[in-house]
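If you want the building blocks of each chain, they are given just below.
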Amino acid sequence: MIADGVEDEEKWLAAGIAGLQQNAFYMHRALDSNNLRDALKYSAQMLSELRTSRLSPHKYYELYMRAFDELRKLEMFFKEETRRGCSIIDLYELVQHAGNILPRLYLLCTVGSVYIKSKEAPAKDVLKDLVEMCRGIQNPVRGLFLRSYLAQVSRDKLPDIGSEYEGDADTVVDAVEFVLQNFTEMNKLWVRMQQQGPAREKEKREKERSELRDLVGKNLHVLSQIEGVDLDMYKDTVLPRILEQVVNCKDELAQYYLMDCIIQVFPDEYHLQTLDVLLGAFPQLQPTVDIKTVLSRLMERLSNYAASSADVLPEFLQVEAFLKLNNAIGKVIEAQPDMPILGVITLYSSLLTFTLHVHPDRLDYADQVLGACVRKLSGKGKLEDNKATKQIVALLSAPLEKYNDIVTALKLSNYPRVMEYLDSETNKVMATVIIQSIMKNKTHISTADRVEALFELIKGLIKDLDGTLDDEVDEDDFKEEQNSVSRLIQMLYNDDPEEMFKIICTVRKHILAGGPKRLSFTVPPLVFSSLKLVRQLQGREENPFGEEESTTPKKIFQLLNQTVETLSNVPAPELALQLYLQCAEAANDCDLEPVAYEFFTQAYILYEEEISDSRAQVTAIHLIIGTLQRMHVFGVENRDTLTHKATGYSAKLLKKPDQCRAVYACSHLFWVDDQDNVKDGERVLLCLKRALRIANAAQQMSNAARGSTGSVTLFVEILNKYLYFFEKGNPQITVAAIQSLLELITTEMQSDSSTPDPAADAFFASTLRYIEFQKQKGGAVGEKYEPIKV
Amino acid sequence: MLGKLLIQDSTKASWNYLVGAFKPPCNIFISFADGRSRKQVPLKKENGKTVMVALFQSQENIVGEVVIEPIQGKKVEHNGVKIELLGQIELYFDRGNFYDFTSLVRELDVPGELYERKTYPFEFSTVEMPYESYNGVNVRLRYILKVTISRNYVSNIVEYQDFVVRNYTPPPSINNSIKMEVGIEDCLHIEFEYSKSKYHLKDVIIGKIYFLLVRIKLKNMELEIRRRESTGSGPNTYVETETLAKFELMDGAPVRGESIPIRLFLSPYELTPTYRNINNKFCVKYYLNLVLVDEEDRRYFKQQEITVYRLLET
């Protein structure tokens, strides 16, 4: 049925065009033969085709355009006719003899155009007459097109300032009056369209109406083009009249479109100077009008205007643009209680953008906006509207983008309060945005207060917010987020140790609330940050003020101890162990033996109680050995205890090769090159021998289990240790011992049961080459090596 | 066959003879002294042809001459020649009866014989011609000059000359507007206003219609000019109404508060002045009929009489 309707319409349009063309043909003939009477007759008949009610606006427009073209020719003819001596006044009367009103008025407008041009009557009188006579068309579509025609033919004939039609009697006031009146009538017709016809076609009508809206809007455009409309006239006449019409028409579509139109066609400067009036209209609009979009566009324009030149900024201040906008938004929200929260946020978001552009120095304004937003959001709980959430993100991102500096945003007390209304997912997104902004701009956040504020902002990442279901969080995303938090923690820095310590405490406070999942990400950067501070303090002169200073390495270490301890809840024993060792090393550098010892103790406890995985044990024991080896702070007793323990752990590893390697590594604990008091050659040898025993045992076990001996790698490794200590001058490492080890290895390699291992062979070969090389070096080393026979 | 042809031929010849025999023995020409300069207006004759005739108004002197020209070689014997100025009303339902409301006679010649062309000047001074020439549906009012050559035994020779009379009125001193509120209860209330109640023939009707209440879906609105010609009297009154103009004022459905302008030029329409009472024989009145048509093609109308007068053209 709809298809039929469309087809019918096509048919009617075709018929209309045919009728129009036929009469246009006769009209042309009459024009060619200067036959005025026939020209009028056929042009009226031609225009009668526009009387149809059967076409949709879209199709009607097509017909109208054809008629429009024909009327141009007729207008030319009228012009020539007056040149030939026909009185324009007579012509003006003559066309009014037409019986049908629509053709009559089209002809009248056409002659009227010539009449104005002839200047035989003041332009304003003709214009006034035309715009009055057009009232006869009350059919919305036909009326709109007719008046659009009038607007079209008159737009270059308005008595504007500087126009040739301006005179003593004709002023720009008349021009404005004319356009305003035409606009008012057109808008009335346009609005009326909505109310006519059956209710079931409401949507169709709305669509048709929006096709016609530019006909109405064109009047505003014409107004904006009139030179003589200066600020005063705009303020006193033009704007109030337009707004009166807009408000009174009580039509959603018209109000939305026209408000937008006003904002788009008139200069920003005018808007700024008439903000009161313009904004005053908004609360009076229908509750369903999409005010947020319009108002947002206004603010956007004003923002751009402010950005265009610094010269205009005083104007903004002078008219108190911000206050006015802020008030207006408040009133609009009040007037439209049903406005969705999205609208509210969009409005505030635009206002914020505006104030950031116009008053970058007035942070209090920005904070006010956010505060108003918070008030509106309060009591509504978390936002569930997706778009609204996005809008909030935009709102919150605006200050970041503007200032490129989170520090400024941190001064906005309402900023975090707005964030509270985001769902946790978005909250995280926002937090990530903030962190990225910091990273990108390398923002220096240097006080504990700011850190406090910052962590308040990004708390979505720092801790679990209510109602988050952990299983829904993607593991990778989570890692990504937490990694960015760790990066952030490392960026917090202040040269002043006092402040830095405060920062650390603040960060600590926040991250400890983050729950076990986050700690393994957040604790390490904090620990390293703290250690950095320790090193900084350590590099300083002794504090000249004695005990007064509160930040001492000791204090930091206490804190660190407690911090690392929290990892036990995670649990992340390997990580904790590593961190303890790091701390121990730092304590070592600060000559704090008890502290270092305590850290080691913690590490050992962890090793004993928590680290049960054999692979982890291997890693851990090597770490312990490595760290311990570098410690110089310990007295003999403590050191003995710790090394003893370490050796003990090494020997208790599960796999023989691991045991072996750990044990020979322990040998270093007894021989530290640059520490004269740690050169216990005997115990080194003991370790190596023990390692050899274990290697042997490993070989035998392998033989027993698989029928072949394992690789000689372990032996070669031990050989290397021997050589190392030999070279370092450990008296317990003798040539004979090395010699016998070499033989052992050679025998093992030649044994039938040995498994060929190219890597081990190569390792051995290169070890031998090293010996040979050292021999040939000559001097003390060469001499030392000389006895070794390869 | 041949004979028959001949007979036909002789018949034709005798017809020619007969025509010649009944032809008046003279030609009569009536002309006005100021015929060349006097305004001529079209007049529709009974046979449907339009001729241009001289235009007079009341109280004018009607001066001219009558030329009688006997056919070559004939003499016209007569009992006297006279010229009459007649104002006649002819009612079509009473065809053949003329009521002469004006009848003036001038004797031009005493009985005698005419041998050659003779010219008789005539003059009717300040002739009272109160009524205008009128060509209506049922009635005609005409002015004629009638020249009669009276003869014995044979019929008189008569010649007519029509002329038109139009009488001009100064603009009325009182010319009130017509203003009225009409409507159908709870349906449609309008107020209309025509700027004047009296219009001259080339006048323009200015006015407006103001919609006070619109509860019906109107389609359009037009203004009609109607002429009501009423002839006879008593039981024999014949009324004829013609719509002379249909002028669309509005297209589409107005809403409350709309005001629609009226501007109707009267010049394109063939109006006459209003004739209130022409010799108790007929009257012609004009009405403006405002018609509103709704979407179901129902017509709502209000008729108002206007007075039309002929304004002296300057």
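Bear in mind the structure is a predicted one, so any value in this text is a computation, not a measurement. (Residues numbered from 1 in each chain as written. Chains lettered and ligands numbered in written order. Predicted model: local features only at pLDDT ≥ 70, side-chain atom pairs only at ≥ 80, totals over all residues. Heavy atoms only, no water.)

Student: Before we move on, could you go through helix α22 (residues 424-441) of chain A and cite the residues and values that matter?
Tutor: Residues and elements named next belong to chain A. Here α22 spans 25 Å end to end across 18 residues, near enough to the 26 Å set by a 1.5 Å rise per residue. When we look at burial in α22, the residues that qualify are S424, T426, N427, K428, M430, A431, I434, I435, S437, I438 and M439. Of the surrounding secondary structure, the elements contacted by the buried residues of α22 are α19 (386-403), α20 (406-410), α21 (415-419), α23 (448-457), α24 (459-462) and α25 (475-491). The first or second residue beyond α22 is K442, which carries a positive phi of 50°. (Helix = DSSP H or I, 4+ residues; strand = E, 2+ residues; numbered from the N terminus. Expected span 1.5 Å × (residues − 1). Buried < 20%, exposed > 50% of the residue type's maximum accessible area, 1.4 Å probe, protein only. Contact = heavy atoms within 4.5 Å.)

Student: Give a description of the sheet that holds strand β1 (residues 26-32) of chain B that names residues and reports values.
Tutor: All names here are of chain B. The sheet built from three strands is open, its strands ordered β1-β4-β9 with antiparallel pairing. Bordering the open sheet on either side are β1 and β9 (118-124), each of which pairs with just one other strand. Each adjacent strand pair in this sheet contributes to an overall mean axis angle of 20°, direction not counted. In the sheet, β1 pairs with strand β4 (residues 62-70) via seven bridges, with the strands oriented antiparallel. Its bridge partner being in β4, F29 is matched across the sheet by V67. (Pairing = 2+ DSSP bridges. Axes fitted to C-alpha atoms, helices over the stretch in contact; angles between N-to-C directions.)

Student: So what about unusual backbone geometry? Which residues, and what values?
Tutor: Residue and element names in this part refer to chain B. The residue N279 is not glycine, and still its phi comes out positive at about 55°. Along the chain, N279 turns up in the loop between β20 (275-278) and β21 (282-294). Unlike most non-glycine residues, N280 shows phi in positive territory, near 60°. One can find N280 in the loop between β20 and β21.

Student: I'd love a proper account of the interface of chain A and chain B, names of residues and values included.
Tutor: Between chain A and chain B, the residue contacts involve 24 residues of the former and 19 residues of the latter. Each partner contributes to the roughly 1,700 Å² buried at the junction of chain A and chain B, and carbon and sulfur atoms together form 46% of this total. Summed over the shared surface of chain A and chain B, the result is five salt bridges. Note that B:E258 and A:R135 form a salt bridge whose closest N and O atoms lie 4.0 Å from each other. Viewed at the interface, chain B and chain A are joined by 14 residue pairs in polar contact (both at pLDDT 80 or more). Among the elements of the structure, α4 (88-94), α5 (101-118), α6 (123-133) and α8 (172-195) of chain A are those that each provide at least two residues to the side of chain A that touches chain B. (Buried area = accessible area lost by both parts, 1.4 Å probe. Salt bridge = Lys/Arg side-chain N within 4 Å of Asp/Glu carboxyl O. Polar contact = N/O pair within 3.5 Å; in protein donor to acceptor, adjacent residues only side chain to side chain.)

Student: Outline the confidence of the model for chain B, listing residues and values.
Tutor: Detailed reading of the predicted model is not advised wherever pLDDT is low. All names here are of chain B. Looking at chain B as a whole, its pLDDT mean stands at 89, while 92% of the residues score no less than 70. Here residues 1-20 is a poorly scored stretch, pLDDT under 50, and it has one contact once near neighbours within four places are set aside; other chains count. Interface predicted TM-score (ipTM) for the complex: 0.86; the corresponding pTM is 0.74. (pLDDT = per-residue confidence, 0-100.)

Student: Describe in detail the nonpolar core, supporting the description with residues and values.
Tutor: In this structure, A:F282, A:Y415, A:I434 and A:F557 are the most contacted members of the largest nonpolar core, which totals 277 residues. It is α8(A) that provides the largest number of residues to this core, a total of twelve residues. Once residues lying within four places of it in the same chain are set aside, the contact partners of A:F557 are A:L531, A:V534, A:C583, A:A586, A:A587, A:C590, A:L592, A:V595 and A:F599. With 70 residues, the next largest nonpolar core counts B:C26, B:L114, B:L271 and B:L288 among its residues. (Core = buried A, V, L, I, M, F, W, Y, C linked by side-chain atoms within 4.5 Å.)

Student: I'd like to hear about the domain arrangement of chain B, residue by residue, with values.
Tutor: Residues and elements named next belong to chain B. Here chain B is described as being made up of domain 1 (26-165) and domain 2 (178-309). When each unit is reduced to the centre of its C-alpha atoms, the spacing between domain 1 and domain 2 is 40 Å. Taken together, the contacts link 14 residues of domain 1 with 17 residues of domain 2. At the boundary of domain 1 with domain 2, total buried surface from both sides reaches about 1,300 Å², with 70% on carbon and sulfur atoms. Between the two partners, domain 1 and domain 2, sit five residue pairs in polar contact (both at pLDDT 80 or more). The set of elements that each furnish at least two residues to the side of domain 1 that touches domain 2 consists of β6 (80-91), β7 (98-109) and β11 (139-150). Residues belonging to the side of domain 1 that touches domain 2 are distributed by class as follows: ten nonpolar, three polar and one charged. (Domains from an automatic or database assignment. Nonpolar A, V, L, I, M, F, W, Y, C, P; charged D, E, K, R; others polar.)

Student: An account of the pattern of salt bridges is requested, with residue identities and associated values reported.
Tutor: Summed over the entire model, instances satisfying the criterion amount to 54 salt bridges over all chains. Between A:K73 and A:E70 there is a salt bridge; the shortest N-O distance is 3.4 Å. With A:K73 and A:E70 both in helix α3 (residues 57-83) and three residues apart, this pair spans about one turn of that helix. Taking the relative accessible area as the measure of exposure, A:E70 reaches 12% and is therefore buried. In the salt-bridge network here, residues are joined through shared partners; they are A:E132, A:R135, A:E185, A:K188, A:R192 and B:E258.

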